[in-house]
Amino acid sequence: MARWCYRHRLVVLVLWVGALFGLGAAGTSVGTDYSNVFSLPDTDSKQAYDLMTKAFPRSSGDTDTVVWRSSGDVGPVTDTAVQSRIEPVLKEIAGMRGVGEVVGPYDAKNAAQISRDGRTAFAQITFTDQANEVPKDLVRKVVDTAQGAERDGLQVELGGQAITRIQEPPTGVSEVVGIAAAAVVLFLAFGSLFAMLLPIVVAITGVGSGMMATMLLSHVTNVPEVAPLLGSLIGLGVGIDYALFIVTRHRRGIQRGLEPEESAVRALNTSGRAVLFAGGTVCIALAGMLVMNLRFLDGVVIATSLTVVLSVLAAVTLLPALLGLLGPRVLSRKQRRKLAGAGPDPAEASGPAARWSAYVQERPRSIAAMALVVMAVLALPVLSLRLGATDQGNNQESTTTRQAYDLLAEGFGPGFNGPLQVVVPGGADTTELVRTIRATDDVAQAAAAPPAGGITVIQVVPKTSPQSVGTDRLIDRLRDDVIPEAGVEAHVGGVTAVFKDFASVTGDRLPYFVGAIIGLGFLLLLIAFRSLVVPLTAALMNLIAAAASFGVLVAVFQWGWGTEFLGIGKEGPITAFLPVIMLSLLFGLSMDYQVFLVSRMHEEWVHTGDNARAVRVGLAETSRVINCAALIMICVFSAFVLSGDMEGAMAGIGLAAAVALDAFILRTALVPAAMHLLGRSNWWLPGWLEGRLPHLAVEPAASPTGPNESTGPDESTGPDKNTGPDKNTGFDKNTEHLKAAEPETSGTGGATVIHGCLRTADGDPLAGASVTLVSRGGRQLDRVTSIADGSYIVSVPAPGAYILAVTARGLASRAHHVTVGGGPLVYDVELTDDGAGLVK
């Protein structure tokens, strides 16, 4: 498929552009129909809600509030001077098209809308539509008209869901900032404008199609308003990262001598497969949210999973087409000049990553201890984690919704912004119950509304704010003590009680959710790496990363550390559904990094059987791209602080912290240090389990020859075009049939190795040459690159006859027939510039 997309790049581009325009046109024509559905079966608040819905059908429109307060020399709100300014404004708002009703405090029956000190009052505005359907122009007109009544000593503010819409930053601000930051990181990493643009174009395509598809799905299933935000958040992150992995592998292939088409095919057949595996694990982790059995999360799973799937699809189809358009220009001009002048790069990793890897190998105990201490300190705040819900009291102080919230709290008490409803069915006498509730601690006031349909609702205003621990305790006291003692059937509802029950249900089901995604991740890694210790280590690391990232979340959003600096409003409890979403994304992304890191270690372990070398080489060759990918994720996630949505800001900060800790501390320090300490036990798997596990190759080996690969020297291309350290081995038509060497030792049969050294005719070590072991049937069994001293080692599955092929730049490809006994075989090869290979 990769080769087809590369060669038919224009067709692929037309198909993607057509899909984007088609989805965009359909989404624009039908609009959105997002709905927040909280399904909390078997909870007290749900029973109260059902009874109230039956007795008091809610208005179809959104209800918002206008609050005003007089101060200084201005008299109370009932003063003629104040009333003469407010009443005309309320009348003008009531006459606006799209406003259904305005209920003000100056009617005698609404006297409760004036505070006891006479300084604060409010009016309720009911629109004809729900908040997300009220035109922003109408909302802005209402706000401007109401605040036009202000003067010295008279403050007017507005609150409500519709009012919140005009405080949101322009759509896409956070995405644009995140993409811009990611572009800077990519340009510094690649040094090429075209290479920088590739991951961004792929990510935008995947996210754009995902968002428009989500718009359409909102008409056929319940999709919450926060789902598109979370979908774009995770889609941008994984879309850029997946394309980064593939582009990095492609560029490396070209720099090591491959033709652009073969390099792209090789990159998609290796890193592309890893991307498919990683995308699948992210979707599986997201689907773990279904274990919670909360309808609100179903739409989140749909939106995020759909965006991830389309991002993966763009990475494996659109990206090779774009690589075909660019050809060698995926490298910078400097890199192309270097390739033409100095030849391909060596395969051996070098630089800061290699030095760090060696340092970890030398001091695994101290590095592991330091990493654990850092993660433990960051995880300490999680002990005070409190789940709840955010409201307009958490908005920034400069917003009118936050000031309206504060004015109501000051004038009518902190609990006025989150009253409770005690619903009594059956027409029972509620006089004694009301009296008992009024006498309960932390109750500011309680009053029963006239019965309707045999149902009585008692409005209870707590003394504490909706997010206060005291309000939670009051709800428990009413349910456990006050109502049972009154001897009547009653249920405690209201928005505050709903969110409390939501947090309780989430907390109760969270262990099952965590167990499900950890168990599934363990199984996938067990199959992929044939080890019990590697998946156990990964599961433990994921739990450590989750604890530390939630510790950061609690410190910032619950304790308020840095909230003013970040401009994200007032501290409060962590949104109840956020742990589920964060853990899904965190486990999915952590699996990506774990697979990318350990797969390279596993490859080296299979080749050498040397755990220390496997861990060192794996970390040296993957840490740079992991850290680059993580830095991009951090930029994208952190930018969602600008989304204007508290839940989006929490998810962005939490995921940015999780990715930073996971990539820079766990995957590049603690995991390799632990694997050095564990030694060969990293790769232990009981024999009885080995035979029962299916085989899953994350990056399967390529075949020894393939389309457009040479099977012999091509006089038209010259020696350099058919060779190179990363080319698949081709066989020269003048292959020299050599007498099989004798095994170094005898054995009973089973897996063994061939090892030796590659030398030039002058006796110099030949580094960067490709050595491939092929079965007599033509199947590639192992493939390695010789290191600086010319040595190599390939893994042999069993004694028998094989073909050992050696390819080096500037030398014709040669293949040697060897027979391997029961033990290791020493096989040294000398290559001359005319391609004649001699066995020592």
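The rules behind these values
Residues numbered from 1 in each chain as written. Predicted model: local features only at pLDDT ≥ 70, side-chain atom pairs only at ≥ 80, totals over all residues. Heavy atoms only, no water. Helix = DSSP H or I, 4+ residues; strand = E, 2+ residues; numbered from the N terminus. Buried < 20%, exposed > 50% of the residue type's maximum accessible area, 1.4 Å probe, protein only. Contact = heavy atoms within 4.5 Å. Areas by Shrake-Rupley, 256 points an atom, 1.4 Å probe, with all protein chains shown as cover. Axes fitted to C-alpha atoms, helices over the stretch in contact; angles between N-to-C directions. Left-handed = near helix turned anticlockwise from the far one by under 90°. Salt bridge = Lys/Arg side-chain N within 4 Å of Asp/Glu carboxyl O.

**Q** Describe the overall build of the chain, listing the residues and the values that go with them.
**A** Along its length, the chain carries 24 helices and 19 strands. Per-residue burial for the chain yields a buried fraction of 56% across its 840 residues. Across the chain, every contact between residues at least 6 apart in sequence was considered, and the portion connecting residues at least 24 apart equals 77%. Of the roughly 34,900 Å² of accessible surface on the chain, a fraction of 57% belongs to carbon and sulfur atoms.

**Q** Outline the packing of helix α18 (residues 495-529) against helix α19 (residues 533-558), listing residues and values.
**A** Running from N to C, α18 and α19 point in directions that differ by 145°, and their axes come no closer than 8 Å. Considering only the axes of α18 and α19, their crossing is right-handed. Contacts between α18 and α19 involve Val514, Ile518, Phe522, Leu525, Leu526 and Phe529 from the first element and Val534, Pro535, Leu536, Ala538, Ala539 and Leu543 from the second.

**Q** Please set out the pattern of salt bridges residue by residue, giving values where relevant.
**A** Taken as a whole and assessed by the stated rule, the structure comprises 15 salt bridges. A salt bridge links Arg3 to Glu261, with the nearest nitrogen and oxygen atoms 3.2 Å apart. Of this pair, Arg3 sits in helix α1 (residues 2-7) while Glu261 sits in helix α10 (residues 260-287), and the two are 258 residues apart along the sequence. Across this residue pair, the class does not change: Arg3 and Glu261 are buried. Between Glu262 and Arg3 there is a salt bridge, and its shortest N-O distance comes to 2.8 Å. Placement of Glu262 in helix α10 and of Arg3 in helix α1 is noted, with a sequence separation of 259 residues between them. Each member of the pair, Glu262 as well as Arg3, carries the same accessibility label: buried. Salt bridges linked by common partners bring Arg3, Arg7, Glu261 and Glu262 together as one network.

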